[in-house]
Amino acid sequence: KALLTDHLVDPEVEGVVETLVQRIGLAAWANNVEDFVLEKDNDGRGFSLRPVTAGSLGGLFFNRAERVLLMSGTILDFDAFCRSVGIPRDEAAFVSVPCTFPAKNRPVIVGDLDMSQKARGTSWPKMVDAVVKILRYHENDKGLLLTPSNTMLEYLRERLPPDLASRLVIMYGRDREEKFQKHAMSKAPTVLAASGAWEGMDLAGDLSRFQILPQLPRPQLTPQVRARMNLEGSWYNWRTMCRLLQGTGRSVRSEKDFAVTYCLDRDLRKEWARGDKGLLPAWFREAVHYSKGG
């Protein structure tokens, strides 16, 4: 740190260095209690050190109080949740309550497309056709298009008819807030389109009356994800379903709010069919309907 800061005169630059030193110190400490994996940035000019789990790091937060209350609609599997965030199972209790949002206000229409990687050549063109039909049906409504990757988002944008492609407000990168405001302020039936808005997005009321999820949000197979799967094979499906439920909640924000969700991926049918043995809670399953046309 001294070697870096002795020659610095810009307070802003010095602040960046201070933050970097703190992060390196935390990583060095954490490396003694947690396994890390190295991931290169997409541009190949940088890298990230990512912990395989957060289990050993959870104490940094949970030890600050005698009692901790966590509230979420996406715990799904309490044992898996405890393992993921480092909560000793014998020191925790779980309470599940029904959803107060009427099921009729949040229907989930499930299609029958095989969205696996091996079927991409035939399923992605069908995906475009389905998205076109949905956008035509909701021609006067604002909506949300959630994809698991920018690759799929660009594929759709390039193949939609011009009048439908013009409705999309593509949101990613540094201008996310600007694009969100553009969608919110526009009088036109715009559709916010993003791959990274599965959580933390509030599209209450007329900001979104429908949302399209072409594919289940399976985590990308990064080195960190692969390492986590090696520790616990069921984690991958658990993480997928957690993110799915987070995504379906972007457009229904209160008991009186309403929106319809279209999930085109047939794998959701498999998880739904597992019933009480599956990960989907009863309040979600009661809102599911199958598309007759696939």
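Residues numbered from 1 in each chain as written. Predicted model: local features only at pLDDT ≥ 70, side-chain atom pairs only at ≥ 80, totals over all residues. Heavy atoms only, no water.

Notes on the overall build of the chain
Right, so step 1: Per the secondary structure count, the chain includes 12 helices and 9 strands.
Right, so step 2: Sorting the 294 residues of the chain into buried and exposed places 41% on the buried side.
Right, so step 3: In the chain, of all internal contacts separated by at least 6 residues, the share reaching a separation of at least 24 is 68%.
Right, so step 4: When the accessible area of the chain is evaluated, it comes to approximately 17,600 Å², of which 53% is carbon and sulfur surface. (Helix = DSSP H or I, 4+ residues; strand = E, 2+ residues; numbered from the N terminus. Buried < 20%, exposed > 50% of the residue type's maximum accessible area, 1.4 Å probe, protein only. Contact = heavy atoms within 4.5 Å. Areas by Shrake-Rupley, 256 points an atom, 1.4 Å probe, with all protein chains shown as cover.)

Topic: the nonpolar core
Right, so step 1: Counting 36 residues, the largest nonpolar core has L192, L244, L268 and F284 as the members making the most contacts within it.
Right, so step 2: Of all the elements, helix α10 (residues 235-248) adds the most residues to this core, at 7 residues.
Right, so step 3: Leaving out residues up to four positions away in the same chain, L244 has contacts with L213, L216, P217, L268 and F284.
Right, so step 4: Counting 27 residues, the second largest nonpolar core, distinct from the first, contains M115, L145, V191 and F210. (Core = buried A, V, L, I, M, F, W, Y, C linked by side-chain atoms within 4.5 Å.)

Focus on α10
Right, so step 1: In this model, α10 (14 residues) spans 20 Å end to end at C-alpha, consistent with the 20 Å of a helix rising 1.5 Å per residue.
Right, so step 2: Listed in full, the buried residues belonging to α10 are W235, Y236, W238, T240, M241, C242, L244, L245, Q246, G247 and T248. (Expected span 1.5 Å × (residues − 1).)

Things to note about unusual backbone geometry
Right, so step 1: The backbone of L76 shows a phi angle near 65°, a positive value even though the residue is not glycine.
Right, so step 2: Mapped onto the elements of the fold, L76 is located in the loop between α3 (59-62) and α4 (78-85).

Notes on the environment of H138
Right, so step 1: Mapped onto the fold, H138 is located in the loop between α5 (120-137) and β4 (143-146).
Right, so step 2: When its relative accessible area of 6% is taken as the criterion, H138 is described as buried.
Right, so step 3: Residues within four places of H138 in sequence aside, it is in contact with R167, F210, V260 and Y262.

Thoughts on a nonpolar patch on the surface
Right, so step 1: Judged by side-chain polarity, L38, F47 and L49 come together as a nonpolar surface patch covering roughly 340 Å² of accessible area.
Right, so step 2: Along the chain, L49 falls in strand β2 (residues 47-51). (Patch = residues over 30% accessible without salt bridge, like charges linked within 9 Å, V, L, I, M, F, W, Y side chains within 5 Å. Salt bridge = Lys/Arg side-chain N within 4 Å of Asp/Glu carboxyl O.)

Quick notes on the pairing of strand β7 (residues 210-213)
Right, so step 1: With burial as the criterion, each face of β7 is covered, one bearing F210 and I212 and the other bearing Q211 and L213.
Right, so step 2: Here β4 runs beside β7; their pairing, made up of 3 bridges, is parallel. Within β7, the position partnered with G143 by the bridge is F210.
Right, so step 3: Relative to strand β8 (residues 260-265), β7 runs parallel, the two sharing 4 bridges. What sits directly across from L213, in β8, is C263. (Pairing = 2+ DSSP bridges.)

Some remarks on the confidence of the model for the chain
Low-pLDDT stretches of the model should not have their predicted coordinates read in fine detail.
Right, so step 1: In the predicted model, the chain carries a mean pLDDT of 87, and the fraction of residues at 70 or more is 88%.
Right, so step 2: Taking the mean pLDDT of every element in the chain, the minimum, 49, falls on helix α1 (residues 2-5) and the maximum, 98, on β7.
Right, so step 3: Counted against residues more than four places away or in other chains, residues 1-5, with its pLDDT under 50, gives 5 contacts. (pLDDT = per-residue confidence, 0-100.)

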